[in-house]
Amino acid sequence: MDQESSSENEFKKMFKYYKRKKPLPDLQNVIDPSVHHFKHHFDEIEVYSDKGNKEETELYCQPRGKWKIFSSKLNPGFFLILNVFSPEDQYYWIRQCLTKYTSNRYRRNIDAHSNIEDWYSHVLADNNKGDIDKLRWSTLGYHHNWDTKVYDESDKGEFPSDLAKLSSHIVQALGYQRYKAEAAIVNYYPENTTLSGHTDHSEHNLSAPLVSISFGQSGIFLLGGKSLDVSPSAYLLKSGYVAVMTKEARLCYHAVPKILVDPSLVPDMIPEKAEQYDGSKLDQSFTETSTTVDHENFSAKKMKLETENRKDASDNSSARKEDNSETYRFISDYLKNHRINLNIRQVNQI
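From a predicted model like this one, the values you see are computed outputs, not experimental measurements. (Residues numbered from 1 in each chain as written. Predicted model: local features only at pLDDT ≥ 70, side-chain atom pairs only at ≥ 80, totals over all residues. Heavy atoms only, no water.)

Caption draft 1: Quick look at the packing of aromatic side chains. On inspection of all chains with the given rule, the structure shows 15 aromatic pairs. When the centroid spacing of 5.4 Å and the interplanar angle of 75 degrees are considered together, the rings of Tyr 120 and Phe 330 count as edge-to-face. Linking Tyr 120 in helix H3 (residues 119-124) with Phe 330 in helix H8 (residues 325-335), this pair joins segments that are 210 residues apart in sequence. Accessibility assignment for this pair places Tyr 120 and Phe 330 in one class, buried. Here the aromatic residues Phe 42, Phe 70, Phe 78, Phe 221 and Tyr 235 are joined through ring pairs into a cluster of three or more. (Phe/Tyr/Trp six-rings, centres within 6.5 Å; stacked < 30°, edge-to-face > 60°. Helix = DSSP H or I, 4+ residues; strand = E, 2+ residues; numbered from the N terminus. Buried < 20%, exposed > 50% of the residue type's maximum accessible area, 1.4 Å probe, protein only.)

This is the structure we're talking about:
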């Protein structure tokens, strides 16, 4: 690493190192738990399994038995969870992020300078392609006040029920049984964008985990200590990786200094063709897990899910039961040079 000014803290030095373009940073020390020679940085822990949970098939994620949970030795309290999503699951959540969470039902950075109601429908038009990268974030549930850094009871909207269920399911795998997702920031990263070093301390409940889900292109994630004088560790967050910050890591400085773009990776993220979300995938999931499903409740669950799907379809014209080729092409093209991050947190004590 280059010599830096003595006035710069250790976190900023590392951030600038990985952000730089000329010369490019050496990435050989960026930690990825899926790579064998980085395994010594982690303890692989057993997935906490609640055998009484019969909703797993409704969550657009793989069964917990397929998950791999890695506890960081370098940053105690930090977990990386792999194999949470199949390509079909990833496509569902990416589709939610791009076609649902981008509407004006939620708060977006573009609201300050435009009257765009449905960003997704807007950018499909050829003359609006230049507005794709203007969308940088959307907030769900409690809206984060970027100036005061305070959550206000009078300033909140709906929190998507599907995302709330998924978030609870993820932290339950780590043993957190009392968790309520109340706020989320969806970050949209075009190529060459970053997220500066910061801590998340606005929530009234600072003991509840922070859940971060990555989709699209990979990002370098820096996680340091409670002081900027602590040199951070660099982790690679690939599409489908889930990062959870708990206990000691909950209030540590973190940042994203670089997005690593490789368009050839898109076929590994999503199915070869648009998945039909008309219940067929869920029917298959129920069949595959028939030994653990309460068949008496099968019809009721399916009916409940179909009702929720119809509600989503009526609430948002972009959320259809069946994806068309236009939606699939847009998502595929977007993923070639963008990263999406869902950052979810509980705000209050429960």
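Caption draft 2: Structural context of the confidence of the model for the protein. Model confidence for the protein is summarised by a mean pLDDT of 83, while 79% of its residues fall at 70 or above. The low-confidence segment residues 276-322 (pLDDT under 50) makes 52 contacts with residues lying over four places distant or belonging to another chain. (pLDDT = per-residue confidence, 0-100. Contact = heavy atoms within 4.5 Å.)

Caption draft 3: Local environment of the pattern of salt bridges. Scanning the entire structure with this criterion turns up eleven salt bridges. For Glu 8, the salt bridge goes to Lys 16, with nearest N and O atoms at 2.8 Å. For Glu 8, a relative accessible area of 14% corresponds to the buried category. A salt bridge links Lys 238 to Asp 32; the shortest N-O distance between them is 2.9 Å. Pair noted here: Lys 238 is in the loop between strand S10 (233-237) and strand S11 (242-245) and Asp 32 is in the loop between helix H1 (10-19) and strand S1 (42-45), with a separation of 206 residues, a long-range link. Look at Asp 32 and you get buried, because its relative accessible area is 3%. (Salt bridge = Lys/Arg side-chain N within 4 Å of Asp/Glu carboxyl O.)

Caption draft 4: Quick peek at the packing of helix H2 (residues 87-100) against H8. Close contact between H2 and H8 brings their axes to 11 Å; oriented N to C, the two are set at 90 degrees. Considered as vectors, H2 and H8 are oriented roughly perpendicular to each other. Contacts between H2 and H8 involve Tyr 91, Ile 94, Arg 95, Leu 98 and Thr 99 from the former and Thr 327, Tyr 328, Phe 330, Ile 331, Tyr 334 and Leu 335 from the latter. Its residues placed into classes, the contact of H2 with H8 shows eight nonpolar, two polar and one charged. (Axes fitted to C-alpha atoms, helices over the stretch in contact; angles between N-to-C directions. Parallel < 35°, antiparallel > 145°, perpendicular 65-115°, else oblique. Nonpolar A, V, L, I, M, F, W, Y, C, P; charged D, E, K, R; others polar.)

Caption draft 5: Looking closely at H1. For H1, the complete set of buried residues consists of Phe 11, Lys 13, Met 14, Phe 15, Tyr 17 and Tyr 18. Turning to H1, the residues buried within the fold contact strand S7 (195-198), strand S9 (218-223), S10 and strand S12 (254-260).

Caption draft 6: Spatial organisation of the sheet that holds S11. With antiparallel pairing, nine strands are arranged side by side in an open sheet as S1-S2-S3-S11-S8-S13-S6-S5-S4. If you trace the sheet from one side to the other, it starts and ends with S1 and strand S4 (107-108), each paired once. Sheet analysis places strand S8 (residues 210-216) next to S11, joined by four bridges and oriented antiparallel. Bridge pairing in S11 places Ser 212 opposite Ala 243. Packing against the sheet, helix H4 (residues 161-172) makes contact with strand S3 (78-82), strand S5 (137-141), strand S6 (183-190), S8, S11 and strand S13 (338-345), and its axis sits at approximately 115 degrees to S8. (Pairing = 2+ DSSP bridges.)

Caption draft 7: Molecular detail of the environment of Tyr 17. In this structure, Tyr 17 sits in helix H1. Judged by its relative accessible area of 10%, Tyr 17 is buried. Separated by 240 residues in sequence, Tyr 17 and Pro 257 place their C-alpha atoms 8.5 Å apart.

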